[in-house]
Each structure stands twice: as structure tokens, then as C-alpha cells.
Amino acid sequence: MKYISTRGAHAEGVSSAYAIKVGLASDGGLFMPESIPSVDLDFIKELSALSYPERAAKVLSLFLTDYGYEELMEDALAAYSEEKFIPSPAPITKLSGGRYMLELWHGPTCAFKDMALQIMSRLFTRALKKCGEKREALILVATSGDTGKAALEGYRDVEGTKIQVFYPIEGVSRVQKKQMQTQEGENVSVIGIKGNFDDAQTGVKRIFSSEEIATELNAGGVFLSSANSINWGRLVPQIVYYISAYCDMYKMGEITLGEPIDVCVPTGNFGNIFACYIAKRMGLPVGKLVCASNKNNILTDFLSEGVYDRNREFYATMSPSMDILISSNLERLLYLLFGSERCSTLMKELGECGRYELTADELARLRKDFVGYYTDEDECAATISRCYKNENRLIDTHTSVALSAAQRYMSPDEATSAMLVVSTASAYKFAGDVMLSLTGEKPEDDLLAPAMLKEYSGVEIPLPLENALSKEAVHKAVIDRERMADSVRDFALR
Ligand SMILES: *Cc1c(COP(=O)(O)O)cnc(C)c1O
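Predicted model only: the values in this text are computed from it and were never measured.

With that settled, consider the overall build of the chain. Counting its secondary structure elements, the chain contains 20 helices and 15 strands. Taking 2.2 N^0.38 as the reference for a compact globule, 494 residues should give roughly 23 Å; the C-alpha atoms of the chain span a radius of gyration of 22 Å, in line with that estimate. In terms of overall dimensions, the chain has C-alpha extents of about 65 × 55 × 50 Å along its principal axes. For the chain, buried positions account for 59% of its 494 residues. Pairs at least 24 apart in sequence give 74% of the contacts found in the chain among residues at least 6 apart.

Here you go:
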């Protein structure tokens, strides 16, 4: 399987290892496989009998044809082990009214980014070897919270890599800060920046574009890389859990083989929902894809009117991982539906005017598979509370946005397909806002919120979070942003 750019570059095709190594295509586009492999019901039936790591290796091997099956199996076993995902990587639970939840937050950081980052780091080091890269990679991340911790856990102690994360001391929650400051691993560095997220991100971008730093690091046998959500190595592992979820629903006797299910995904950068769309294009029986947004409802508008317009107010909500105005992975969908030429034109318009518009015909094609709903803050809180009362279940703020969208999509009168709602974080990760939704109160110090929520609900705190909360901080460095480059040099060459 060869990979090409959504904007037309690399027309001769590159290997998946190369796409994973470099991340972005040379014309600024994203890498896509030149065709989408198909699966049939026999394949799904066969997968149903297998463990999650085996399912992952089978599905990944359809896309990453320059990786051996044994290699993929080894990586999947290491990534999705029982020590890392407690009790299992992607369990399905049942709600009332034909709804199911796919829980993607049983990994080391209690959020769904673990599903991709745990294995991406391993695919990445193999990619370096396959491409003949002798230098060590230093993964640089600027984070507003969730991604930094998930990347640290993904890359910790992974051969041939180091990882350095910069977080704004004014921009992350105390729980997130604690999770990062207690990070274990021999190859990790975590640094607080005096400033906000933009300061951290601008600093990292400047380091990436500095030739002087690149030359210096190169002399020491190191090069810089990122763990971006647009890397194919992060997207491809996400296809696995949709196929796996279907297998489990079939195995549980909830659906017959071939029966379509609808899927509802809380969406920010459009990576998670796009992975489901690929699974559908592969032949997985999926009906509608419900795209759930919070008050930053740019995708809802896009899916109803065909106009993508980022010239709008940005809101900080209680589902911060979905506070996004540029959904990068949407580009991949535009490419698949309308081709690389049209995709390039639309992306050019987005770059120049912050806006593009589909034709009526294009919108109709998009709406065959997708529908969008958004949920405001009050409804998000109300849904958390209703779910606790009616289903006796704690959900986090992002999952709540999805559950609310799913409810609006499902007709109360007509029989609809089974609805799979994707749950992307543990309620404990956003315990303060969950407490507020349930009781109208939250503690002033959000480090105390998990214990309060446990006391209120009787539900256990996930072990990795409990551990982080009880550990002493080890990464306590805080620097001025002017010193970021120095700290990269020190860490890379130490
Ligand atoms: C990142 C994230 C999302 C959004 O996923 P995308 O792939 O960016 O659409 C949703 N929920 C949580 C908890 C996240 O961390």
C-alpha cells in the first residue's frame, strides 16, 4: 500500500513508514492510502474470536504493508497490554434504548488519545529503522493539557526516542499539571512555560523552524519530530476500535452480522470520527456518523450548510479537547469525497480567507454519511446529570456532548439502528465540571474534585489517575519562554 498527499504531491506514492516518519506531505497536505482496503463479514466474524491486540495487528496490516505482521503483533501486544489498559482497551457497555458506549479511556492517561499514542510511538521507531534513519528522534510537544500527557506515556522508554513537553503554567488544570509533573520514564522532560498555550506553541514552532538548532542537534545525532494528530500513524490505530466494537456487539448478541449501526463521536480535530468513516468505507456496516460538537459548532454549521467559516468567536468550554476551530483531519474527508484538486482549492481558500463553501451537490454527498449536532454548556451539564440518574453512570463532559447529540439524532417514535456512542475520557479526568453538573458545586481546588466525586458516586477512581494524584511532582522546572531553545539543546544533547 502506497501513500499520497491529499493535495496531489507524492503522486508516485511513498511507503507507510515514510509517511509516518515525516508526518506532513511536502505540499502541506496529509498522507492518505492510495486505496482503501476492504473487509467482508467473514473477516469481521474471524476477528470476533480474537483479542484486541490481534484485531489491531490484522487491521493495521491491511494499511501498513511495509511492516511485517509479526512486527505489528509485537507492537500491539506492547501497546495494548493488560498493565496499560485496565481491564481492556475498548470495552462496550450497554445503555437503555438501543444505545451502547464504546469506552476508549481505560489507558494510562484516562483519555482516548492513549489508543493511538501508545502504538504510534512504536510504529514511529520502526519507521525510522525502515527509512535508514540512524539519529535519535526528539519528540517536541506544546500542550494545553491532554495531548502532552498522552504523548509522554506513549513515548516513555521507547527505544530511539526522547520526548520533551512544554505546558503553559497558566493554561492547564491542576490535575493535568500533576499528571505531567509526576511522569515516569528515562527519556522524558516536562517543562512549564511562563505564559499561555500560544506562547508555548509559538516557542515550539520557532524551534522546529530554526536551522541553527537543527544543525546543532544533527551534529549530536538527534533530529526533531512531532506527535501530531495529523500523522497517519496516529489515525490508523483509531480505525481498529470501530471494527473491534462491531465485533464485540456481534459477539454479545446485540446485533446480527451485517446489521448496520450508527455511531456518534465527540469531535474536535475530526480524527476520531474520520477513522470511523474509513472503517465504513472498508465495509464495516455503519449507517450514519453523528458528529457531536460543543459550543464551538463550526462543524455543525458545515454539515448543515456546507460553509466552513473559522471567522467566529472562540469559546472555552468544559469540554476543552473539543475547543477547536480548525479541524485538520477534515481535509482527509474532502480529499476522499472530492479528489485532490478540489481539496487543494478548498484548503487554499481556508488559508487565505478562513472560509470555504461546498456546492449543493457536494454538500448532499457529505450528508449521505454525516450529520452534525452541537450541545451548549447547560445541556452538557444536564446530560451528565440525567445519565447519572437514569443510567446510574458517570460520564465526562466530552462524552456528554456526544450522548446529547445521539439523543437528538435518534427518533423516539421510529425503530432506529443500534447507536454506538463514543466515550473519550474518564469522568474523573474532568471531575470538577462533572461534580458541578451533578451537584451545582465544585471544589475551589480541582485537585480535590476526584476524591469528592468518588465520595458522591461510589465509583472507583481509575488507577493511573489515583497514582498520579498521590505521587510527588518530579518535573518542577518552570522557565521563561525565551529559554525554550536552550532547554531543548540541553535535553537533546545531554
Ligand atoms: C482529543 C479529544 C477529543 C476530540 O477528538 P478528535 O479526534 O480531535 O476529533 C474528544 N474528547 C477527548 C476527551 C479528547 O481528548
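Taken together, 15 residues lie near the ligand, and Lys 113, Gly 268, Asn 269, Asn 272 and Thr 424 sit nearest. With respect to the ligand, the side chain of Lys 113 contributes an N or O atom lying 2.6 Å from an oxygen atom. In this structure, a nitrogen atom belonging to the ligand sits 2.9 Å away from a side-chain N or O atom of Thr 424. Surface burial for the ligand is 96%, taken as the share of its 390 Å² of free accessible area covered by protein chains. Here the residues of the shell around the ligand are counted per class, giving five nonpolar, eight polar and two charged.

Evaluated as defined, the whole model comprises 13 aromatic pairs. Ring plane angle 80° and centroid distance 5.6 Å describe the contact between Phe 302 and Tyr 308, whose orientation is recorded as edge-to-face. What makes Tyr 308 buried here is its relative accessible area of 1%. Over the aromatic face of Phe 223 sits the side chain of Lys 21, whose NZ or CZ is 5.8 Å from the ring centroid. Note that Lys 295 overlies the ring of Tyr 315, its terminal NZ or CZ placed 4.0 Å from the centroid.

This brings us to the sheet that holds strand 9 (residues 261-266). Within a sheet, each strand pairs with its neighbour through backbone hydrogen bonds, oriented either parallel or antiparallel. The six strands are arranged 3-4-14-9-10-13 in an open sheet whose pairing can be described as mixed. For this open sheet the edge positions go to strand 3 (92-94) and strand 13 (370-374), each flanked by a neighbour on one side alone. The average angle at which neighbouring strand axes cross in this sheet is 25°, direction not considered. Sheet analysis places strand 3 next to strand 4 (residues 99-103), joined by three bridges and oriented antiparallel. Paired with Thr 93 across the strands is Met 101, a residue of strand 4.

So, on to the pairing of strand 8 (residues 222-225). Going residue by residue along strand 8, you find Val 222 and Leu 224 tucked away on one face and Phe 223 and Ser 225 tucked away on the opposite face as well. Strand direction decides the pairing type here: strand 5 (residues 136-142) and strand 8, joined by four bridges, are parallel. When the sheet's bridge partners are listed, Ala 137 is paired in strand 8 with Phe 223.

The rules behind the values
Residues numbered from 1 in each chain as written. Predicted model: local features only at pLDDT ≥ 70, side-chain atom pairs only at ≥ 80, totals over all residues. Heavy atoms only, no water. Helix = DSSP H or I, 4+ residues; strand = E, 2+ residues; numbered from the N terminus. Rg over C-alpha atoms; globule rule 2.2 N^0.38 Å. Buried < 20%, exposed > 50% of the residue type's maximum accessible area, 1.4 Å probe, protein only. Contact = heavy atoms within 4.5 Å. Near = heavy atom within 4 Å. Polar contact = N/O pair within 3.5 Å; in protein donor to acceptor, adjacent residues only side chain to side chain. Areas by Shrake-Rupley, 256 points an atom, 1.4 Å probe, with all protein chains shown as cover. Nonpolar A, V, L, I, M, F, W, Y, C, P; charged D, E, K, R; others polar. Phe/Tyr/Trp six-rings, centres within 6.5 Å; stacked < 30°, edge-to-face > 60°. Lys NZ or Arg CZ within 6 Å of the ring centre and 35° of its normal. Pairing = 2+ DSSP bridges. Axes fitted to C-alpha atoms, helices over the stretch in contact; angles between N-to-C directions.

Nothing here speaks to function; it is geometry throughout.
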